[in-house]
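Chain by chain, the residues run as shown.
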Amino acid sequence: MATKAKPTTVKKIVAENRKARFNYEIVDTYEAGLVLTGTEVKSLRDGKANIAESYASDEGGEIWLINSYLPEYLQANRFNHETRRRRKLLLSKREMHRLQNAVNREGMTLVPLKIYFNDRGRAKLELALAKGKKLHDKRETAKERDWNRQKSRLLKERG
């Protein structure tokens, strides 16, 4: 008998914060759920979200996503949502305490990396616990990226 292959999990990425890996050193990542209204989910399914300038904050024992942009859903009329409202993140208590301690004691930052739909159709946020990079670290990252690009070109030509 042939064994069944596991279905591959396809994530539909809606929004990605591409500058985050350049500006921050990523220490750890977490997957968090989002508390959304119906029009926000429909707007996300259109794929027009932006989390480039957003961040997560600990307020009142809960973690909130602040300054993320989800445009209004045009067919919703008067039942639409605010585009830049604060959105609650769903994490386990253990994860929340770990993140709160890292932010309060160690001075780290909570940076959203991407919003996507998982295989069950739920909107998820990949949240990173990060340290800010200094200017010389950013230069080093750019230098390393350029060297890797140049090295791959050389190997392609000769190999």
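Our structure is the block above this text.
Undergrad: Give a detailed account of the pattern of salt bridges, specifying residues and quantitative values.
TA: In this structure the tally under the stated criterion is seven salt bridges. Put simply, Glu126 and Arg21 hold a salt bridge, and the shortest N to O gap is 4.0 Å. Of the two residues, Glu126 sits in strand β7 (residues 123-132) while Arg21 sits in helix α1 (residues 20-23), which places them 105 residues apart along the sequence. Taking the relative accessible area as the measure of exposure, Glu126 reaches 14% and is therefore buried. Assessed through its relative accessible area of 49%, Arg21 is described here as partly exposed. One salt bridge connects Glu40 with Arg85, and the closest N-O pair in it is separated by 2.8 Å.

Undergrad: Now, about the packing of aromatic side chains: what can you tell me, with residues and values included?
TA: Within this structure, the stated rule accounts for zero aromatic pairs. For Arg86, the ring lying beneath its charged end belongs to Trp64, and the centroid distance is 4.5 Å.

Undergrad: Describe in detail a negative patch on the surface, supporting the description with residues and values.
TA: A grouping of Glu25, Asp137, Glu140 and Glu144 is seen on the molecular surface, where their side chains present a negatively charged patch. If one sorts the elements of the negative patch by residue count, helix α4 (residues 135-158) sits on top with three residues. Mapping Glu140 onto the fold places it in helix α4. The partly exposed category is assigned to Glu140, whose relative accessible area is 44%.

Undergrad: Mind laying out the nonpolar core, listing which residues take part and the relevant values?
TA: Within the largest apolar cluster, 26 residues are counted, with the highest numbers of intra-cluster contacts made by Leu44, Ile63, Leu89, Leu91, Leu99, Ile115 and Leu127. If you list the elements that add at least two residues to this core, you get β1 (12-16), β2 (24-34), β4 (62-66), α3 (93-106), β6 (109-117) and β7. With near-sequence residues (within four places) excluded, Leu44 lies in contact with Val14, Leu36, Ala49, Leu70, Ile115, Phe117 and Ala123. Counting residues in each nonpolar core, the second largest holds five residues, with Val111, Leu113, Ala128 and Ala130 among its members.

Undergrad: Explain helix α2 (residues 38-45) to me, using residue names and the numbers behind them.
TA: Along α2, the residues classified as buried are Thr39, Glu40, Ser43 and Leu44. An end-on view of α2 places all buried positions within 140° of arc, on one side of the element. Turning to α2, the residues buried within the fold contact β1, β5 (87-90), β6 and β7.

Parameters at a glance
Residues numbered from 1 in each chain as written. Predicted model: local features only at pLDDT ≥ 70, side-chain atom pairs only at ≥ 80, totals over all residues. Heavy atoms only, no water. Salt bridge = Lys/Arg side-chain N within 4 Å of Asp/Glu carboxyl O. Helix = DSSP H or I, 4+ residues; strand = E, 2+ residues; numbered from the N terminus. Buried < 20%, exposed > 50% of the residue type's maximum accessible area, 1.4 Å probe, protein only. Phe/Tyr/Trp six-rings, centres within 6.5 Å; stacked < 30°, edge-to-face > 60°. Lys NZ or Arg CZ within 6 Å of the ring centre and 35° of its normal. Patch = residues over 30% accessible without salt bridge, like charges linked within 9 Å, V, L, I, M, F, W, Y side chains within 5 Å. Areas by Shrake-Rupley, 256 points an atom, 1.4 Å probe, with all protein chains shown as cover. Lys, Arg positive; Asp, Glu negative; His and termini not counted. Charge placed at Lys NZ, Arg CZ, Asp CG, Glu CD. Core = buried A, V, L, I, M, F, W, Y, C linked by side-chain atoms within 4.5 Å. Contact = heavy atoms within 4.5 Å. Arc of directions from axis to C-beta.

Read these as geometric descriptors, not functional statements.
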